[in-house]
Amino acid sequence: MKHKLFIIAAAALLLSGCGRQKAELTVYLTENDPYCAALESYSDETVTLNIETFPSPSQLEAQLNAAESDFPDVVIFNSLQSGVDPLKLARSGALYPLGMADGTLIPAFSECGIVDGERYYEPLDWNILQAYTAQNLIDEYAYDTTDLYAVLYDESERLENSADYSPFSLQFGRTDAMNFMLEISGISLTDGISVTADPEEVREVADFVKLFYDNMEKVGKIGTKYSNNFAGAASHFSFLLENYPFMHNVRYYQSIYPDLLGKEMAFSVFKSADDGITAQVIRYAAVGAQTEHPEKAFRLLEHLQTWQADTNFNKYDQNVPYAPAGKDAYNAMVEQLSKQKGMGPKNPVSPLTEANAETLKSIPDYLTGAVIPNPVMGKIIQQSMEPYLLGKEDYAVCYTILYDSLQDYLLN
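Residues numbered from 1 in each chain as written. Predicted model: local features only at pLDDT ≥ 70, side-chain atom pairs only at ≥ 80, totals over all residues. Heavy atoms only, no water.

*Asks:* Residue-level account of the layout of surface pockets, with values.
*Replies:* Quantified by volume, the largest pocket comes out at close to 830 Å³. I114, S188, T190, V371 and I372 are, among the 31 residues lining the largest pocket, the residues nearest its centre. For the lining of the largest pocket, the per-class residue count stands at 17 nonpolar, nine polar and five charged. Taken as a whole, the second largest pocket holds about 680 Å³ of empty space. Every residue lining the second largest pocket is counted, 32 residues in all, and those nearest its centre are S227, N229, F230, Y252 and Y316. Counting only elements with at least two residues in the lining of the second largest pocket, the list comes to β11 (166-171), α8 (216-225), α9 (230-236), β12 (237-242) and α10 (246-261). Counting residues per element, the lining of the second largest pocket draws most heavily on α10, which supplies five residues. In the lining of the second largest pocket, the residues fall into 19 nonpolar, nine polar and four charged. (1 Å grid on protein atoms, 1.4 Å probe; cavity = no way out; pocket = protein on both sides within 12 Å on 5 of 7 lines; lining within 4 Å. Points joined across faces, edges and corners; volume = space filled by probe spheres on them. Nonpolar A, V, L, I, M, F, W, Y, C, P; charged D, E, K, R; others polar. Helix = DSSP H or I, 4+ residues; strand = E, 2+ residues; numbered from the N terminus.)

Rendered as structure tokens:
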């Protein structure tokens, strides 16, 4: 069941002794989303917000499908949970074009959300695939973690005959590992109209993803054995690969590694083919095409981009904030993490060290792209390539299926 909350930002304006009618904006999002707090903090004396929350993304999406001509003024999606197809939704006529980005965004996001030459989606927060390890492992084997792909190949080979040690653990939060790694690698399979992928580039990514499948039994065994013992697990996983909020994670692990392992933590990220970093958009917003107040809806989106979330949350909490897409909000979050302690497994974790704060401040400078994940395409890609990843079919056969399936998807 959806819930409604009306927020009137301020007393009505009086003009010539008469009350001016407020503009009402209806906003859809899921319950317990951190952006509920952002909406509640919104202040505009000419606007009433009608916030409708839904217990699950599927219920929100069912309401969108049922709404048709009654699409909300603003809707906030979570790409880790949503089943919405952003490409087909933009082409359905349900959304209002947003125009060009206004310069408040981190530059890599300024072209994000564009479909057929129009920008329909406003990125709100984002994440990157991360790797954490003990610094002594890097030192011992002289690993160059600017190329994590090569490092994980080497570590997989080194531990190939070990039943008790794995090159990595996996915490992705997504079921489309193949699509996820294509995004991280900066490889797009289509231009939105036809399939444009280079089959050799796709094969390189598939062979890397195959490492995950080849080590899955070992990962599961170690994870089960040390499920409540971080020190034991981290001692048997060379790298912790995670898709939890990276800004919070760096603060968390810089304390946990020394406290529980007695070792210095090392943080690395996966780079794309152009030696940059591709951001994964987590939450993004859109404006309904039939809104009567587009400019007011745009101002609300600007507020969401500049809003500063509270970073005092547990690592494993659900519906937590990720890195803000707005430049000022991102820097403010680094400052907050540098001053506040965080929640740890037993004791609070320390604020960011100066070195790690500088590392986080520099991440936006290395972003060369940003992707809003498409779960429908992700499912097609995963299902097409799964037989190869499992070692049950030749690559050429799977790629042909992938190509044909994507062509069908784009044409229908």
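*Asks:* How would you summarise the confidence of the model for the protein chain if you had to cite specific residues and measurements?
*Replies:* Model confidence for the protein chain is summarised by a mean pLDDT of 93, while 94% of its residues fall at 70 or above. Low pLDDT, under 50, characterises residues 7-18; the predicted model gives this stretch 27 contacts beyond four residues in sequence or across chains. (pLDDT = per-residue confidence, 0-100. Contact = heavy atoms within 4.5 Å.)

*Asks:* I'd like to hear about the environment of Q290, residue by residue, with values.
*Replies:* For Q290, the location among the structural elements is in the loop between β14 (277-287) and α11 (294-306). On the accessibility criterion, Q290 (54% relative accessible area) is exposed. For the pair Q290 and G93, spaced 197 residues apart in the sequence, the C-alpha separation amounts to 9.6 Å. (Buried < 20%, exposed > 50% of the residue type's maximum accessible area, 1.4 Å probe, protein only.)

*Asks:* Please set out the packing of α10 against helix α12 (residues 327-339) residue by residue, giving values where relevant.
*Replies:* It is at 11 Å that the axes of α10 and α12 come closest, and there the two elements cross at 20 degrees. The orientation of α10 relative to α12 falls into the category roughly parallel. α12 is crossed by α10, and the crossing has right-handed handedness. Along its contact with α10, which presents F246, M247, H248 and R251, the element α12 presents Y330, M333, V334 and L337. When the residues that make up the contact of α10 with α12 are grouped by side-chain class, the tally is six nonpolar, one polar and one charged. (Axes fitted to C-alpha atoms, helices over the stretch in contact; angles between N-to-C directions. Parallel < 35°, antiparallel > 145°, perpendicular 65-115°, else oblique. Left-handed = near helix turned anticlockwise from the far one by under 90°.)

*Asks:* Can you tell me about the pattern of salt bridges, naming the residues and giving the values?
*Replies:* In this structure the tally under the stated criterion is 13 salt bridges. Here K315 ties to E242 by a salt bridge, and the two come within 2.5 Å at their closest N and O atoms. Residue K315 is located in the loop between α11 and β15 (323-324), and its partner E242 is located in strand β12; the two are separated by 73 residues in the primary sequence. Here K315 and E242 have matching classes, each one buried. For K361, the salt bridge is made with E335, and the minimal N-O distance between the two is 3.4 Å. With K361 in helix α13 (residues 354-366) and E335 in helix α12, this pair connects stretches of sequence that are 26 residues apart. Among the ionic contacts, a cluster of salt bridges with common partners joins D33, D125 and R283. (Salt bridge = Lys/Arg side-chain N within 4 Å of Asp/Glu carboxyl O.)

*Asks:* Report on the packing of helix α14 (residues 375-389) against helix α15 (residues 395-411), specifying residues and quantitative values.
*Replies:* Two elements in contact, α14 and α15, have axes separated by 8 Å at closest approach and are oriented at 160 degrees. When the axes of α14 and α15 are compared, the pair comes out roughly antiparallel. The way α14 lies across α15 gives a crossing that is right-handed. From α14, V376, M377, I380, I381, S384, M385, P387 and Y388 reach across to α15, where they touch Y395, C398, Y399, I401, L402, S405, L406 and Y409. For the contact of α14 with α15, the residue count by class is 14 nonpolar, two polar and no charged.

*Asks:* Lay out the sheet that holds β12 in plain terms, naming residues and giving numbers.
*Replies:* In spatial order, the strands read β11-β12-β10-β13; together these four strands make up an open sheet with mixed pairing. The strands lining the two open edges of the sheet, one partner per strand, are β11 and β13 (265-269). Neighbour-to-neighbour, the strand axes of the sheet open up by a mean angle of 25 degrees, direction not taken into account. Pairing geometry for strand β10 (residues 130-134) and β12, over three bridges, is antiparallel. What sits directly across from Q130, in β12, is E242. Helix α5 (residues 148-158) rests against β10, β11, β12 and β13 of the sheet, and its axis sits at about 140 degrees to β12. (Pairing = 2+ DSSP bridges.)

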